[in-house]
Structure formats: structure tokens, C-alpha cells
Amino acid sequence: MIVGIALLSITSALLRWLTVAGSVTAFIMGVIIYKAFGWQGLILLGLFFITSTLLTKWKKDKKQDPDAIHTEDKKGRTAGQVLANGGAALLAAVGYLTIADPVWIIVFAATFATATADTWASEIGVLSKKRPFHIKEWRRVDPGLSGAISSLGTVAAALGATFIACCFYILYDSSIALGLCIAFSGFLGNMADTFFGAWFEQKYVCSICKRETESHVHCGVKAVKVFGNRFFTNNVVNFLSTIIGGLIAGGLSLWIKSW
Ligand SMILES: [Zn+2]
């Protein structure tokens, strides 16, 4: 199995789905997740990774803003992006290897439900014909900016979280209650992502095209920072929201068990 994980990581690097460092990080993550949660855990990781990579590539020409931080760059996802989406799952795996409590499996699945909801919402929501609504500034903004929501993106988030929850339900032969718990937590985790994105994430304005962006470089020049905390990059926001999704699911599942 370890050889299989290595082959998949190398293939991802060769296909430029991941950078070299991203691929090494994904390999280590895959091995630890396999040790903790078996092949089912690897399938959840794989489902998140494959669907988000395919969605990123889907209708790429229509995702207007070439510098938007949500769209993957040409060299593939970096180690930072891998840890942003899978770091919380990795912590759940380490948690399980330390104290073998089944609650970690729920936490683990919910971190991927959150990451999947967020990626589907970003990659599908950016195609919304209507400009998304910024929840803090209370106005419509350009597609692709964090902290903004569209009905299309919200439906995509719910579908993404439900997709992982269904796969979890099948893979672990789990109960409907726990499946719902994971779908719900993933959706809430994605809402936390939007909230952090709106209130804390850095925003720049490009001095050439005047477009708002999360990238510090736009149209080939340095963009002007207008808002946000340096600490809250998109990766940090993703990492925190997957932790929140995981914690909500862990708490809910303990509550369900106490019935
Ligand atoms: Zn620009």
C-alpha cells in the first residue's frame, strides 16, 4: 500500500497536480492517514483530492481572474495548500494513533467534508452568473473573492459536504445520524471559512485593472493592500475552518452517542 501511495504521489507531481514539495507532503500525509484509518481513510483523501483537482481544471477558461488565489497555479498545488486542506485530517490521524478513540474517524471525515465543501464552493461558485455577495461589506463583489457567497456556491458547498458524508457512510458502514453529522459539520466548517475570509483575510486592489484580489501580485505588478491581517492567508483560513468542521463533528458525534 505504501508503494501505491508513493506511485500516486509521483504521478500527481508528473501531472503537475502537485508541486514536488506538495507531492512529498501528500505522500507523508497518505502514509500516516493509512496507518490510522486504513484504506477507507485513503479513499476519503483521494476523493477530496481528485474531485477538487478536476473541478479546478473544469471550465478553467471561464474562471476569469488568472491571479485569483483559489485557482490552482500551473505548477500544481503547493505543500502549503496540501497542509491547508489536509493538515487537520493529519492531526486527526495522529490523534487516533495516540488515543485510539473512534471519535477521531468522525473528526477526520468532517475535515475533508469541510475542505471539499470549500473547494467545490470556490470552484463552482466562481462560475455564478450573478456577482457574489460579500457578507461583511454587504455588497456584491467580483467572483472568486473570499468572504463572498453566491447561491450556486452555497449549493455546491452543501453537495460537497454531503458527497464526503455519503462516502464515509458507505466506507465505514456507519449510521445515518453520523453521516448527517459529517455533512452538517462540513457545511458549517465552510461557513466558518467564509466568515474568516470576510473578516480577516488580506485583500488587495490591482493598480492596473482595479480589480479586488487576494494575491499580492496582479497583472504582473505589486497590488496595493487595502485590508486584512498578514497572518490570515487563504491557507491559514482553510486550515482553521477544517479544524472547526472537525471539532463540530467530534462534539456532535459524542452528543449523538450519549443519547
Ligand atoms: Zn489586475
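These figures come from a predicted structure and were not determined experimentally. (Residues numbered from 1 in each chain as written. Predicted model: local features only at pLDDT ≥ 70, side-chain atom pairs only at ≥ 80, totals over all residues. Heavy atoms only, no water.)

### Let's talk about the overall build of the protein chain
How we decide: Helix and strand assignments come from DSSP, with helices taken as H or I runs of at least 4 residues and strands as E runs of at least 2, each series counted from the N terminus. Here's how the labels work: a residue is buried when its accessible area is under 20% of the maximum for its type, exposed when over 50%, partly exposed in between, all with a 1.4 Å probe on protein chains only. Here, residues are in contact when the closest pair of their heavy atoms is within 4.5 Å. Charge convention: Lys and Arg are scored as positive, Asp and Glu as negative, and His as well as the terminal groups of each chain are ignored. Charged side chains are reduced to one point each, which is NZ for Lys, CZ for Arg, CG for Asp and CD for Glu.
From N to C terminus, the protein chain includes seven helices and eight strands. Expressed along its principal axes, the backbone C-alpha trace of the protein chain runs to roughly 55 × 45 × 30 Å. Residues classed as buried in the protein chain amount to 51% of the 259 residues present. For the protein chain, the proportion of contacts with a sequence separation of at least 24, taken over those separated by at least 6, is 72%. Within the protein chain, the 15 negative side-chain charges are centred at a point lying 4 Å from the centre of the 23 positive side-chain charges.

### Re the nonpolar core
Where a protein is soluble and globular, its nonpolar side chains tend to be buried together. Cut-off, in case you're wondering: What is meant by a nonpolar core is a set of buried Ala, Val, Leu, Ile, Met, Phe, Trp, Tyr and Cys residues, joined one to another through side-chain atoms within 4.5 Å.
Grouped together as the largest cluster of nonpolar side chains are 43 residues, with contacts concentrated most on Ile-33, Phe-108 and Phe-112. Elements that contribute at least two residues to this core include exactly α2 (20-57), α3 (79-98), α4 (103-125), α5 (151-171), α6 (176-199) and α7 (234-257). By size, the runner-up hydrophobic cluster in this structure holds five residues, among which are Phe-196, Phe-232, Val-236 and Val-237.

### Digging into the confidence of the model for the protein chain
As a reminder of what qualifies: The predictor rates its confidence in each residue with pLDDT, a number between 0 and 100.
Of the residues in the protein chain, 96% have a pLDDT of 70 or more, and the chain-wide mean is 90. Low pLDDT, under 50, characterises residues 68-72; the predicted model gives this stretch 19 contacts beyond four residues in sequence or across chains.

### Regarding the side chain of Glu-214
This is how the line gets drawn: Throughout this description, the term salt bridge denotes a Lys or Arg side-chain nitrogen within 4 Å of a carboxyl oxygen of Asp or Glu. Contacts described as polar in this section are N or O atom pairs within 3.5 Å, which, within protein, must combine one atom able to donate a hydrogen with one able to accept it, while residues neighboring in sequence count only if both atoms come from side chains.
Inspection of the secondary structure assignment puts Glu-214 in the loop between β5 (212-213) and β6 (217-218). Lys-203 provides the closest opposite charge to the buried, salt-bridge-free Glu-214, at an N-O distance of 5.2 Å. There is a polar contact of 2.4 Å between the side chain of Glu-214 and the backbone nitrogen of Ser-146.

### A look at the sheet that holds strand β3 (residues 148-149)
Condition: If DSSP finds at least two bridges between two strands, the strands pair.
An order of β2-β1-β3 is seen for the three strands of this open sheet, with the pairing classed as antiparallel. The sheet is open, and its two edges are formed by β2 (139-140) and β3, each paired on a single side. For strand β1 (residues 133-134) and β3, the ladder comprises two bridges, and the chain directions are antiparallel. Counterpart to Phe-133 in the pairing with β3 is Ile-149.

### Observations regarding the coordination of the zinc ion
Heads up, the rule is: For Na, K and Ca the donor cut-off is 3.2 Å, and for all other metals it is 2.8 Å, counting N, O and S atoms only; because water is absent from this set, sites may look incomplete. When four donors show all angles between 85 and 135 degrees the site is tetrahedral, when four or six donors have opposite pairs over 155 degrees and all other angles between 65 and 115 it is square planar or octahedral respectively, and in every other case it is irregular.
Around the zinc ion, the protein contributes the donor atoms Cys-206 (SG), Cys-209 (SG), His-218 (ND1) and Cys-219 (SG), which lie 2.0 to 2.3 Å from the metal centre. Here the zinc ion is ringed by four donor atoms whose angles at the metal span 105 to 114°, and the overall shape comes out tetrahedral. Between the donor residues of the zinc ion, the gaps in sequence give the motif C-x2-C-x8-H-C. Here His-218 falls in the buried class, since its relative accessible area comes to 3%.

### Focus on the packing of helix α1 (residues 2-14) against α2
Worth spelling out the cut-off: What counts as an axis is a line fitted to C-alpha atoms, over the stretch in contact for a helix, and the angles between N-to-C directions run from 0 to 180 degrees. Angle categories: roughly parallel below 35 degrees, roughly antiparallel above 145, roughly perpendicular from 65 to 115, and oblique for all the rest. Less than a right angle of anticlockwise turn of the near helix away from the far helix marks a crossing as left-handed, whereas a clockwise turn marks it as right-handed. Amino acids outside the nonpolar list (Ala, Val, Leu, Ile, Met, Phe, Trp, Tyr, Cys, Pro) and the charged list (Asp, Glu, Lys, Arg) are all regarded as polar, and Gly is one of them.
Look at α1 against α2: their axes get within 9 Å of each other, and the N-to-C directions meet at 120°. With respect to their mutual orientation, α1 and α2 come out oblique. Between α1 and α2 the crossing geometry is right-handed. Facing α1, whose interface residues are Ile-2, Ile-5, Ala-6, Ser-9, Ile-10, Ser-12 and Ala-13, α2 presents Ser-23, Ala-26, Phe-27, Gly-30, Val-31, Tyr-34, Leu-42 and Phe-49. Classifying every residue of the contact of α1 with α2 by side-chain character gives 11 nonpolar, four polar and no charged.

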